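Each chain, written out:
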There are 2 protein chains.
Amino acid sequence: MELQRLETKEKTGLVVVITGNGKGKTTAALGLCLRAAGHGLRVCLIQFMKGDLYAGEIDGLKLLPNVEHHLTGKGFCGIRGNPYPFREHRANAQDAIGLAGDKITSGAFDIVILDEINNALKLKLVDLSQVLNLIATKPPLIHLVLTGRDAHPDVIRRAHTVTEMQEIKHAFREGIEPQKGIDY
Amino acid sequence: MELQRLETKEKTGLVVVITGNGKGKTTAALGLCLRAAGHGLRVCLIQFMKGDLYAGEIDGLKLLPNVEHHLTGKGFCGIRGNPYPFREHRANAQDAIGLAGDKITSGAFDIVILDEINNALKLKLVDLSQVLNLIATKPPLIHLVLTGRDAHPDVIRRAHTVTEMQEIKHAFREGIEPQKGIDY
């Protein structure tokens, strides 16, 4: 059958929050990159607290035109096995917030995705005022997507679309190690 | 910094369920395609009840090598504005179940994603026994991902990883129309 094409009449730059403790937040952010690439839209994905471990998306994203990808961190702050002190994580996240501000206002992107920023805020690597300022100063037509568990209520209040991803089950609780292509 | 590479020692074919009423289920499935493509894994994505409306992922998925994409339906059964009778939706979904069985056992894929199948089961377009049979006869190393709201408890029981995506807010409730790149 022939595909019908929607055309958005009134364009609005949405603020989208993807939070909760379940698997799928970053994965959904990657799906947005893929969908946007299909439309020829320009995306900037900035990942907070990532940059220590390889994941398939690092090469997957290279397949998409018009998607710029930044790994800005050194892994999750405070989790077991992460050797970097708080001040280093904070310095990386502060650089990432600066980068985010530049990209959002650059005019070079239709969608900016800040992966794990909710988590970075919860861990005090960035400040609430900094995140609210990014939202407040965003050009009206830019979509801004904020992922990570424990989204701040003031961020949720300013968002148009918010999904909470809840873990019902996770394979690692049965002792199954992370599987390539699904977990990383 | 240098990226560390995980290597899964004990490979297990996971059953992953993505359910709930929130935005992000299909989007996460697309993200899995992107992640898997980055690893060079082979993915088959079969979408139930989709095929009436264009969405960015249709062209986005074409950018990924080793991802096969099937639109098997005519839109959501029973929603306002969908003109097709139940028996036509059921016939399409029955074809899709047959296709899914073929792809899962073909040896040609590492990951098979059945998008909206939970919803198709809830709407009686496919039968519980058919879905459980797909899970039961899946080769041990194939990952099988089932998305859609209202996942059946017997499907959840057989899954390793289950995320429920809950809607906290959605832009359309404020009267904002679907936005290209985010909503479709």
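See the structure above.
Residues numbered from 1 in each chain as written. Chains lettered and ligands numbered in written order. Predicted model: local features only at pLDDT ≥ 70, side-chain atom pairs only at ≥ 80, totals over all residues. Heavy atoms only, no water.

### Some thoughts on the overall build of chain A
No. 1: What chain A contains, in helices and strands, is six helices and six strands.
No. 2: Its helices and strands in sequence order give chain A the pattern β-α-β-α-β-α-β-α-α-β-α-β, from N to C terminus.
No. 3: A globule of 184 residues ought to have a C-alpha radius of gyration of about 16 Å, and chain A, at 17 Å, matches this closely.
No. 4: Judged by the C-alpha coordinates and their principal axes, chain A covers about 50 × 40 × 30 Å.
No. 5: Classification of the 184 residues of chain A by burial places 56% in the buried group.
No. 6: Sequence-distant contacts, at least 24 apart, represent 78% of the contacts inside chain A between residues at least 6 apart. (Helix = DSSP H or I, 4+ residues; strand = E, 2+ residues; numbered from the N terminus. Rg over C-alpha atoms; globule rule 2.2 N^0.38 Å. Buried < 20%, exposed > 50% of the residue type's maximum accessible area, 1.4 Å probe, protein only. Contact = heavy atoms within 4.5 Å.)

### Overview of the packing of aromatic side chains
No. 1: All chains considered together, the criterion is met by zero aromatic pairs over all chains.
No. 2: The ring of Tyr54 of chain B is capped by Arg5 of chain A, whose NZ or CZ atom sits 3.8 Å from the centre of that ring. (Phe/Tyr/Trp six-rings, centres within 6.5 Å; stacked < 30°, edge-to-face > 60°. Lys NZ or Arg CZ within 6 Å of the ring centre and 35° of its normal.)

### Describing the interface of chain A and chain B
No. 1: Each partner contributes residues to the interface: chain A has 77 residues there, and chain B has 77 residues.
No. 2: For the pairing of chain A and chain B, the buried interface totals around 6,800 Å² over both sides, and the portion due to carbon and sulfur atoms is 62%.
No. 3: Joining chain A to chain B, the criterion identifies four salt bridges.
No. 4: Our count for the chain A to chain B interface comes out at 48 residue pairs in polar contact (both at pLDDT 80 or more).
No. 5: Listing elements by their share of the side of chain A that touches chain B, those giving two or more residues are α1 (25–39), α2 (56–60), β5 (143–147), α6 (153–158) and β6 (161–169) of chain A.
No. 6: Ranked by the residues each element gives to the side of chain A that touches chain B, the list is headed by α1 of chain A, at 12 residues.
No. 7: Residue composition of the side of chain A that touches chain B, grouped by class: 34 nonpolar, 22 polar and 21 charged. (Buried area = accessible area lost by both parts, 1.4 Å probe. Salt bridge = Lys/Arg side-chain N within 4 Å of Asp/Glu carboxyl O. Polar contact = N/O pair within 3.5 Å; in protein donor to acceptor, adjacent residues only side chain to side chain. Nonpolar A, V, L, I, M, F, W, Y, C, P; charged D, E, K, R; others polar.)

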